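Listed here are the chains, written in short residue letters.
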Amino acid sequence: VQHYLSEIKKIPSNIIGLDLKKDVIDYCNKIAWQLECKELRFCTGDISSYSGDKKPDIVISLHACDTATDFALDYAVKNDCKAILSVPCCQHEINFQLENNIKEWKKTSGIPKDFAPLLKYGIVKERFSALLTDALRCESLEGAGYSVQLLEFIDMEHTPKNILIRAVKGNTDNAKLNEESLKDADAVTDALCLEPALKRLLKL
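Bear in mind that the values here come from a model prediction, so they are computed numbers and not experimental data. (Residues numbered from 1 in each chain as written. Predicted model: local features only at pLDDT ≥ 70, side-chain atom pairs only at ≥ 80, totals over all residues. Heavy atoms only, no water.)

Visitor: Got a minute to help me understand the pairing of strand β6 (residues 163-169) in this structure?
Guide: Two faces belong to every sheet, and in a regular strand the side chains alternate between them. As paired elements, strand β4 (residues 83-89) and β6 share four bridges and run antiparallel to each other. Bridging across to β6, Ser86 finds its partner in Ile165. When strand β5 (residues 146-152) meets β6, the two strands line up antiparallel, connected through seven bridges. If you follow Leu151 over to β6, its bridge partner there is Leu164. (Pairing = 2+ DSSP bridges. Helix = DSSP H or I, 4+ residues; strand = E, 2+ residues; numbered from the N terminus.)

Rendered as structure tokens:
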């Protein structure tokens, strides 16, 4: 990204990479130094508590595990980023919530009929949970004023984690559309008794 922006597109850029693993950060900083990438540096830290010197124009997250993706999206929205590129990974949260809900539903009213086939089989429920997680993330981003696309950015043979969320800050004239996105998301989360992380973080 640094090479593309600075060398190919001739756009001045200052890029900060963040990761929890110090050995990874040390290695990345070493490579950046060897390649003389002066405007590229890496820091050890957690995106949920990160506070940079300046608000970023773009936030990119690659395979941030489970709710780490939500914290990255939350950081981007609250810093009014112009664009977001996010490749989610290991979407466990909703799958875990559904597991607990199914146990309760079996004791009481039963599984919601509209979703019963999707929740009956373990592997289907897991994949449904992952896709639902990303769909709800997109609805939340639209609700926050972004124009959002879901794209397959690399072939499945390379990695099954190949969905890219691309969000670009829109104008405030789409308030009605943003509200509709939140209503659609609420209808699903209410029916399945879910509390997605990004919705909680953004307080939508």
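Visitor: Explanation requested: the sheet that holds β6 in the structure shown.
Guide: Paired through backbone hydrogen bonds, the strands of a sheet run either parallel or antiparallel to each other. Spatial ordering of the open sheet is given by β3-β4-β6-β5, a layout of four strands whose pairing is mixed. Sheet topology places β3 (58-65) and β5 at the edges, where each strand pairs with a single neighbour. Neighbouring strand axes in the sheet, compared pairwise and without regard to direction, differ in orientation by 15° on average. Direction of pairing for β3 relative to β4: parallel, over a ladder of seven bridges. Note that in β4 the partner of Cys65 across the bridge is Cys89. Across the sheet, helix α3 (residues 68-78) touches β3, β4 and β5, and the angle it forms with β3 is around 170°. Across the sheet, helix α6 (residues 122-143) lies against β4, β5 and β6, angled at about 5° from β6, the strand it touches most. (Axes fitted to C-alpha atoms, helices over the stretch in contact; angles between N-to-C directions. Contact = heavy atoms within 4.5 Å.)

Visitor: Before we go on, may I ask you to explain the confidence of the model for the chain in this structure?
Guide: As a note on interpretation, predicted positions should not be read in detail where pLDDT is low. Looking at the chain as a whole, its pLDDT mean stands at 91, while 96% of the residues score no less than 70. Looking over the chain, one finds the lowest element-wise mean pLDDT in helix α7 (residues 175-192), namely 86, and the highest in helix α2 (residues 22-34), namely 96. (pLDDT = per-residue confidence, 0-100.)

Visitor: Hey, could you run me through the nonpolar core in this one?
Guide: Side chains of nonpolar character tend, in soluble globular proteins, to be buried together. Ranked by internal contacts, the top residues of the largest apolar core, which has 15 residues, are Val77, Ile84, Leu141, Tyr146, Val148 and Ala167. Considering each element in turn, this core owes the most residues, four residues, to α3. If sequence neighbours within four positions are ignored, Val148 has contacts with Cys138, Leu141, Glu142, Ile165, Arg166 and Ala167. Grouped together as the second largest cluster of nonpolar side chains are twelve residues, Ile94, Leu98, Phe115 and Leu192 included. (Core = buried A, V, L, I, M, F, W, Y, C linked by side-chain atoms within 4.5 Å. Buried < 20%, exposed > 50% of the residue type's maximum accessible area, 1.4 Å probe, protein only.)

Visitor: Sorry if this is basic, but what is going on with α6 here?
Guide: Two residues of an α-helix separated by three or four positions point the same way, owing to the 3.6 residues in each turn. In this model, α6 (22 residues) spans 31 Å end to end at C-alpha, consistent with the 32 Å of a helix rising 1.5 Å per residue. Two residues or fewer past α6, Gly145 is found with a positive phi of approximately 100°. (Expected span 1.5 Å × (residues − 1).)

Visitor: What is the right way to look at the packing of aromatic side chains in this model?
Guide: Aromatic rings in a pair are described by how distant their centres are and how their planes are angled relative to each other. Scanning the entire structure with this criterion turns up two aromatic pairs. Ring plane angle 40° and centroid distance 6.3 Å describe the contact between Phe115 and Phe128, whose orientation is recorded as tilted. Taken as a pair, Phe115 in the loop between α4 (93-107) and α5 (116-120) and Phe128 in helix α6 lie far apart in primary sequence, 13 residues in all. Of the two residues, Phe115 and Phe128, neither departs from the other in class, the shared state being buried. (Phe/Tyr/Trp six-rings, centres within 6.5 Å; stacked < 30°, edge-to-face > 60°.)

Visitor: Could you clarify how one ought to interpret unusual backbone geometry in this entry?
Guide: Excluding glycine, residues mostly have negative phi values, and the peptide bonds linking residues are mostly trans. With a phi close to 60°, Lys10 is a non-glycine residue in the positive phi region. Following the sequence through the fold, Lys10 ends up in the loop between α1 (2-8) and β1 (15-19). You will see that Asp66, though not glycine, has its phi angle at about 50°, which is positive. With respect to the helices, strands and loops of the structure, Asp66 is situated in the loop between β3 and α3. Classification of Asp66 as buried rests on a relative accessible area of 17%.

Visitor: Hey, could you run me through the packing of α4 against α6 in this one?
Guide: Geometry of a packed helix pair, given as the angle between the helix axes and the separation of the axes. The interhelical angle for the contact between α4 and α6, taken along N-to-C directions, is 120°, at an axis separation of 8 Å. Between α4 and α6, the angle is such that the two are oblique. Seen along the crossing, α4 lies across α6 with a hand that is right-handed. On the side of α4, the interface is formed by Ile94, Asn95, Leu98, Glu99 and Ile102, while α6 contributes Lys125, Glu126, Phe128, Ser129, Leu132, Thr133 and Leu136. Residues of the contact of α4 with α6, tallied by class, amount to six nonpolar, three polar and three charged. (Parallel < 35°, antiparallel > 145°, perpendicular 65-115°, else oblique. Left-handed = near helix turned anticlockwise from the far one by under 90°. Nonpolar A, V, L, I, M, F, W, Y, C, P; charged D, E, K, R; others polar.)

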